[in-house]
Amino acid sequence: MIRTRFAPSPTGPLHMGGVRTALYAYLFAKQHNGQFVLRIEDTDQNRYVPGAEEYIIEALNWCGIIPDEGVSFGGKYEPYRQSERKHKGFYMDYAKRLLDSGNAYYAFDSAEDLDIARKNAESAGQHGWQYDAFTRMNLRNSLSLAEQETKHLLDQDTSYVIRLKVQPGQTLTFTDMVRGEVSFDSALVDDKVLIKADGMPTYHLAHIVDDIMMEITHAIRGEEWLPSAPAHILIYQSLGIPMPQYAHLPLLLKPEGNGKLSKRDGDRLGFPVFPLQWKDPITGEISSGYREKGYYADSFINMLALLGWNPGTEQEVFSLDELVKTFSFDRVHKAGARFDPDKAKWFNEQRLRHTDDAILGEHFYHQLKNILGADHPLATLFYATGAVKLLKERVQFENEFYEMGKYLFEAPTSYDDKVISKRWNDAAKVFLKNLPEALSSVSEFNAELTKAAFEKLAIDQGIKPGDVLQLFRVIMSGQGSGVDLFGMVALFGKHEVFERINRFQSAY
Ligand code: GLU
């Protein structure tokens, strides 16, 4: 059984890169009829942000990336929150195993001791000082101190951390699902802290213990963890437990392509980097979200899926089910994926165009009741659906319908001067005077017949229909361009069309 997990830390709103990690883990699990788990990694108490966990859950729900198990979803490996798992003693159990087998040790150095050691090394011209096989014997730990002294320090409740004992001289290799075979020299790996002075595990130990206990088969995470992978290989080796398959996903890059995509890029260029709006609990600052901007969750997911993964065909628009069928790690890029905010909108536009008019009409009808008031004569399902048909090809978001088609709801109060000065001549005046009668003669007031009547009148009067078309558009809507003209005429109906003609005639 394939089991993947998404393991965010509740340190703030989920970045869209995090959503992509969750998505890939979800797609892979579902493709193999496996399970997808949500684990909350909240062992860093200094970085804990209230509301972040709820935000993560709401964001996954909105996206349709629904965990089979995890915080707020339950499951047989409960609890799924690391702070609670710590109280069960799981992490200390594994740390003890590593201590007992000689693969970990106690270290008593204070932050100041370590600072001094680092500074001394720097003044001796050594850079990149770290706690490792080359330095540990000069520091205060259970390897450098006599056994009784260690015992004494522990008995006295001296503050300590537990560190991984890394042996130099090994080549550490694993096969990454994205990068293929990756190797590291163990001499470059530091003796990572496994248990901190406050008794909390670090990420390095905690995620491994949990991945083992939760029977995770594939650990899918961001590329920023790749440098820590050799330490993780060593922990698994020391425990004598096989590693899950790891996949390290490429970074999301700024639209300019240089550097990691950050919230500041969003603020600068006007796009959200978070799935949902977020209000900072301390500063009160609001950050925009894709949901609130009017994106469909499906389009957001579709866009994210293609940021770093190439489906290998021309197809770009995918439903979540199609992504489950098509996704594969072979086609995830190694290089970072440049985020394109216009392309993000394009995905929404595509989905909108492929949504049934009846559904869009229903949505727009609800908007209209709010905008115009429920008793407004145009706040009807019929009118909303008619408007949507005309506006559908002109918007990228459903929340743009009203602004884009305002003239469908309000008669114009001014008219495009350029068109008027060019087209409002004596022939046009006669034409407009005769137009109501010509339009009245149609058997049904629809786009096709009104257009034919309009053209016939022009020809009968010896003018080219093209000479009066744009003028008529301005008379109907105030502006020189917009939705299909006779579609608009049909939507208005005879009464409104004549009203708008009268209105224009009394102004000019
Ligand atoms: N808690 C880690 C993070 O938020 C998770 C990394 C992982 O998936 O293993 O980056």
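Residues numbered from 1 in each chain as written. Predicted model: local features only at pLDDT ≥ 70, side-chain atom pairs only at ≥ 80, totals over all residues. Heavy atoms only, no water.

**Considering the sheet that holds strand β8 (residues 193–195)**
The strands that make up a sheet pair up through hydrogen bonds in the backbone, lying either parallel or antiparallel. Defined as follows: Two strands qualify as a pair provided DSSP detects at least 2 bridges between them. In DSSP terms, a helix is any run of H or I states spanning at least four residues, a strand is any run of E spanning at least two, and both are numbered starting from the N terminus. Axes, fitted as lines to C-alpha atoms, cover a helix only where it is in contact. Angles between the N-to-C directions of the axes lie from 0 to 180 degrees. Two residues qualify as a contact provided that any one of their heavy atoms is within 4.5 Å of a heavy atom in the partner residue.
If you walk across this open sheet you meet the three strands as β4-β5-β8, and the pairing is antiparallel. Each edge of the open sheet carries a strand with a single partner, namely β4 (104–107) and β8. Put simply, the sheet's adjacent strands are angled 40 degrees from each other on average, direction ignored. Pairing of strand β5 (residues 161–164) with β8, which is carried by two bridges, proceeds in the antiparallel orientation. Within β8, the position partnered with I162 by the bridge is I195. Strands β4, β5 and β8 of the sheet are contacted by helix α4 (residues 90–100), whose axis makes an angle of about 105 degrees with β4.

**A closer look at the environment of Y77**
Short version of the rule: Accessible area is worked out with a 1.4 Å probe on protein chains only. A residue is then buried under 20% of its type maximum, exposed over 50%, and partly exposed in between. By the criterion applied in these results, polar contacts are pairs of N or O atoms within 3.5 Å in which, for protein atoms, one can donate a hydrogen and the other can accept it, and in which residues neighboring in sequence qualify only through two side-chain atoms.
In this structure, Y77 sits in the loop between β3 (69–70) and α3 (82–87). Taking relative accessible area as the criterion, Y77 reaches 13% and is therefore assigned buried. Remark: the alpha-carbon pair of Y77 and T413, spanning 336 residues in sequence, is separated by 66 Å. Sequence-distant contacts of Y77, defined by excluding residues within four places in its chain, comprise R3, E69, R85, M213, M214 and E215. For Y77, the side chain forms a polar contact with the side chain of E215, separated by 2.6 Å.

**Observations regarding the site of the ligand**
Our working definition: Near, as used in this document, describes a residue that has one of its heavy atoms within 4 Å of the molecule or strand being considered. Accessible areas in this description were obtained via Shrake-Rupley with a 1.4 Å probe; residue shielding takes into account the shown protein chains only. Amino acid classes used here: Ala, Val, Leu, Ile, Met, Phe, Trp, Tyr, Cys and Pro are nonpolar; Asp, Glu, Lys and Arg are charged; the rest, including Gly, are polar.
Within the structure, the ligand sits among R5, A7, P8, S9, E41, Y203, R221 and W225. R5 has a polar side-chain atom sitting 2.8 Å from an oxygen atom of the ligand. Protein chains shield 82% of the accessible area of the ligand, which is 300 Å² for the free molecule. Here the shell around the ligand is built from residues that sort into four nonpolar, one polar and three charged.

**As for the environment of Y94**
Tracing the sequence through the fold places Y94 in helix α4. Separated by 115 residues in the primary sequence, Y94 and V209 have C-alpha atoms spaced 7.1 Å apart.

**Let's talk about the packing of helix α18 (residues 426–440) against helix α19 (residues 447–460)**
Which entries qualify depends on this criterion: Put simply, angles under 35 degrees are roughly parallel, angles over 145 are roughly antiparallel, angles from 65 to 115 are roughly perpendicular, and the rest are oblique. By the definition used in this description, the sense in which the near helix is turned from the far one sets the handedness, with an anticlockwise turn below a right angle giving left-handed and a clockwise turn giving right-handed.
Contact pair α18 / α19: the axes reach a minimum separation of 10 Å and the direction vectors enclose 140 degrees. When the axes of α18 and α19 are compared, the pair comes out oblique. Crossing angle aside, the handedness with which α18 passes α19 is right-handed. Residues F431, N434, L435, A438 and L439 of α18 form the contact with α19, whose own contacting residues are T450, A453, F454, L457 and A458. Within the contact of α18 with α19, the residues separate by chemical class into eight nonpolar, two polar and no charged.

**As for the pattern of salt bridges**
It is possible for side chains of opposite charge to pair when their charged atoms get near one another. To be explicit about the condition: Salt bridge, as used here, is a side-chain nitrogen of Lys or Arg placed within 4 Å of a carboxyl oxygen of Asp or Glu.
Applying the stated criterion across every chain yields a total of 32 salt bridges. D211 is paired through a salt bridge with R5; the nearest N and O atoms lie 3.0 Å apart. Of this pair, D211 sits in helix α7 (residues 203–213) while R5 sits in strand β1 (residues 3–6), and the two are 206 residues apart along the sequence. Accessibility expressed as a relative area gives 1% for D211, which makes it buried. Given the relative accessible area of 3%, R5 is considered buried. E455 is paired through a salt bridge with K451; the nearest N and O atoms lie 3.7 Å apart. You can see E455 and its partner K451 sitting in helix α19, four residues apart, about one turn around the helix. Residue classification places E455 among the partly exposed residues on the basis of a relative accessible area of 28%.

**Let's talk about the environment of F445**
In this fold, F445 is placed in the loop between α18 and α19. Residue class for F445 comes out buried when judged on its relative accessible area of 18%. Distance in space between the C-alpha atoms of F445 and A490 is 6.1 Å, their sequence separation being 45 residues.

**Some thoughts on the packing of aromatic side chains**
How we decide: Aromatic contacts are taken between Phe, Tyr and Trp rings whose centres are within 6.5 Å, Trp giving its six-membered ring; a plane angle under 30 degrees counts as stacked, one over 60 as edge-to-face, and the others as tilted. Criterion for a charge above a ring: Arg CZ or Lys NZ at most 6 Å from the ring centre, at most 35 degrees from the ring normal.
Per the stated rule, a full pass over the model turns up 30 aromatic pairs. An aromatic cluster is built from Y24, F28, W309, F318, F327 and F329, whose rings are joined through pairwise contacts. The ring of W346 has K343 sitting right over it, with the charged end atom 4.3 Å from the ring centre. Geometry around F492 places R500 over its ring, the cationic atom sitting 4.1 Å from the centre.

**Focus on the pairing of β4**
Residues A104 and Y106 point to one face of β4 and Y105 and A107 to the other, with burial holding for every one of them. For β4 and β5, the ladder comprises four bridges, and the chain directions are antiparallel. Paired with Y106 across the strands is I162, a residue of β5.

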